[in-house]
Amino acid sequence: MSTMSNSLVQPQVESLATAGLSQGDVSDFFALLKPRVMFLVVFTALVGMVVSPSNVHPVVAFVSLLMIAVGGGASGALNMWWDADIDAVMTRTRKRPIPAGKIQPSEALAFGVTLSVGSVIILGLVSNWLAAGLLAFTIFFYVVVYSMWLKRSTQQNIVIGGAAGALPPIVAQAAVTGHVSWDSVVLFAIIFMWTPPHFWALALVKSGDYQRAGIPMMPNVAGPDATRLQILVYTILLAPLGLAPVALGFGGLAYAIIALVGGFGMLALAVQVYRLREGEPAMRVAQQLFGFSILYLFLLFATLLVEHGFGFFRPVFG
Amino acid sequence: MADRKSHQSLTPEEQKRRRSRSLALALTLGVLVLLFYVVTIAKLGPGVLQRPM
């Protein structure tokens, strides 16, 4: 990886960096943290906290959330360090700080390792070591299991790797309660099951990009039709799973309605993706599913946040 | 090699970027100090300041 990525950075930056001078701006280092992914991590972790009854001090909860965010950002930086070579050949990622020549791979590595170690230690000291261990496992899973191993070797990469993105609610619950319950496991399962249809919808549209980078995404290996079937199967599993918080009693009336309507929306789009296989309409509906999947997950978690964080919880049963 | 560069004059753009990195680092350290102080008070309570001598 490093040989190829080193050859991709701009020669001028290389010479300045070897002279010991970083060329990165603060915004470049911030971009290494994958702010949009970090927002999703913070958001889902916050929901994991508010659905968990605890009497932890708000400052401790805030710092725990901050450390989960920093840990998530650190794994993003380490992912960019490892994937600099493939980021350089994909249109979606070629402007990232390392392929753009703004930050050296070694800087990103040092930045990512420092933040990883720092966030895990501080989370352990501030909350508890179960949460810290889970955060360390999340970073390890995303960087080593997903980025270094699965991403380039199997078409199931994002299915298994999706576990890393689904873990923040569990880490957050552990941080404020000291244990892991079914509530956060269900939130984990929802994100885990949501990941394949979300990413494969994008992969259908961007299959050329992944092909060029040599990443074995489902559409490139099993073909677009097999991918469409898999998207449909995962969505059929996801829609009822979205209602599991209602069955467990921590999803209220508003959540039940959102999960029901959103689940039908996801199913309708997944069926459309399965049926439309040729030309522009096929691409358009895949793009729509990708966009709607983001809205669906956001609404599910936002509703839980409003119900529990602002006292709007109305039980469905009893 | 770092010494060699330190003797060279930096361009205004390089100086600006180095300054912004230094400020961000200083701010991060300051926030960390504040964070540790506030967390200590939150975890141990204000009674930590009123220990019998």
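As the structure is a computational prediction, the values presented were derived from the model and not from experiment. (Residues numbered from 1 in each chain as written. Chains lettered and ligands numbered in written order. Predicted model: local features only at pLDDT ≥ 70, side-chain atom pairs only at ≥ 80, totals over all residues. Heavy atoms only, no water.)

Participant: Explain the overall build of chain B to me, using residue names and the numbers behind them.
Facilitator: Scanning chain B from N- to C-terminus turns up two helices and zero strands. Expressed as a percentage of its 53 residues, the buried residues of chain B come to 17%. Of the accessible surface of chain B, which amounts to about 4600 Å², a share of 65% is contributed by carbon and sulfur atoms. (Helix = DSSP H or I, 4+ residues; strand = E, 2+ residues; numbered from the N terminus. Buried < 20%, exposed > 50% of the residue type's maximum accessible area, 1.4 Å probe, protein only. Areas by Shrake-Rupley, 256 points an atom, 1.4 Å probe, with all protein chains shown as cover.)

Participant: Which residues make up the confidence of the model for chain A, and what are the values?
Facilitator: For any part of a model where pLDDT is low, the fine detail of the predicted coordinates should not be relied upon. All names here are of chain A. Per-residue confidence for chain A gives a mean pLDDT of 91; residues scoring 70 or more make up 93%. In the model, residues 1-7 has pLDDT below 50 throughout and makes 11 contacts with residues more than four positions away in sequence or in other chains. For the stretch residues 9-14, pLDDT sits under 50, and the model shows 11 contacts to residues farther than four places along the chain or on other chains. (pLDDT = per-residue confidence, 0-100. Contact = heavy atoms within 4.5 Å.)

Participant: Residues and numbers for the nonpolar core, please.
Facilitator: Residue and element names in this part refer to chain A. One finds Leu123, Ile190, Trp200 and Phe301 to be the most contacted residues of the largest nonpolar core, which totals 85 residues. The residue makeup of this core includes at least three contributed by each of domain 1 (23-180) and domain 2 (210-318). In this view, tryptophan 200 contacts Gln155, Ile158, Val159, Met217, Met218, Thr227, Gln230, Ile231 and Tyr234; residues no more than four positions away in its chain are not counted. (Core = buried A, V, L, I, M, F, W, Y, C linked by side-chain atoms within 4.5 Å. Domains from an automatic or database assignment.)

Participant: Before we move on, can you summarise the packing of aromatic side chains with the specific residues and values?
Facilitator: Residue and element names in this part refer to chain A. Overall, the coordinates contain eight aromatic pairs over all chains when judged by the stated rule. Geometrically, the ring pair formed by phenylalanine 29 and phenylalanine 111 is edge-to-face, given 5.2 Å between the ring centres and 70 degrees between the ring planes. With phenylalanine 29 in helix H3 (residues 26-32) and phenylalanine 111 in helix H7 (residues 105-126), this pair connects stretches of sequence that are 82 residues apart. The exposure class assigned to phenylalanine 111 is partly exposed, which follows from its relative accessible area of 22%. Site record: aromatic cluster; members linked through ring pairs are Phe39, Phe43 and Phe298. Taking the ring centre of tyrosine 274 as reference, the NZ or CZ of arginine 277 above it sits at 4.5 Å. (Phe/Tyr/Trp six-rings, centres within 6.5 Å; stacked < 30°, edge-to-face > 60°. Lys NZ or Arg CZ within 6 Å of the ring centre and 35° of its normal.)

Participant: Let's hear about the packing of helix H14 (residues 224-241) of chain A against helix H17 (residues 279-309) of chain A: which residues, and what values?
Facilitator: Residue and element names in this part refer to chain A. Contact geometry for H14 and H17: axes closest at 14 Å, N-to-C directions at 25 degrees. Between H14 and H17, the angle is such that the two are roughly parallel. When the axes of H14 and H17 are compared, the crossing they make is left-handed. Between H14, through Arg228, Ile231, Leu238 and Ala239, and H17, the contact on the second element is made entirely by Ala282, Met283, Leu289 and Tyr296. Tallied by class, residues from the contact of H14 with H17 come to seven nonpolar, no polar and one charged. (Axes fitted to C-alpha atoms, helices over the stretch in contact; angles between N-to-C directions. Parallel < 35°, antiparallel > 145°, perpendicular 65-115°, else oblique. Left-handed = near helix turned anticlockwise from the far one by under 90°. Nonpolar A, V, L, I, M, F, W, Y, C, P; charged D, E, K, R; others polar.)

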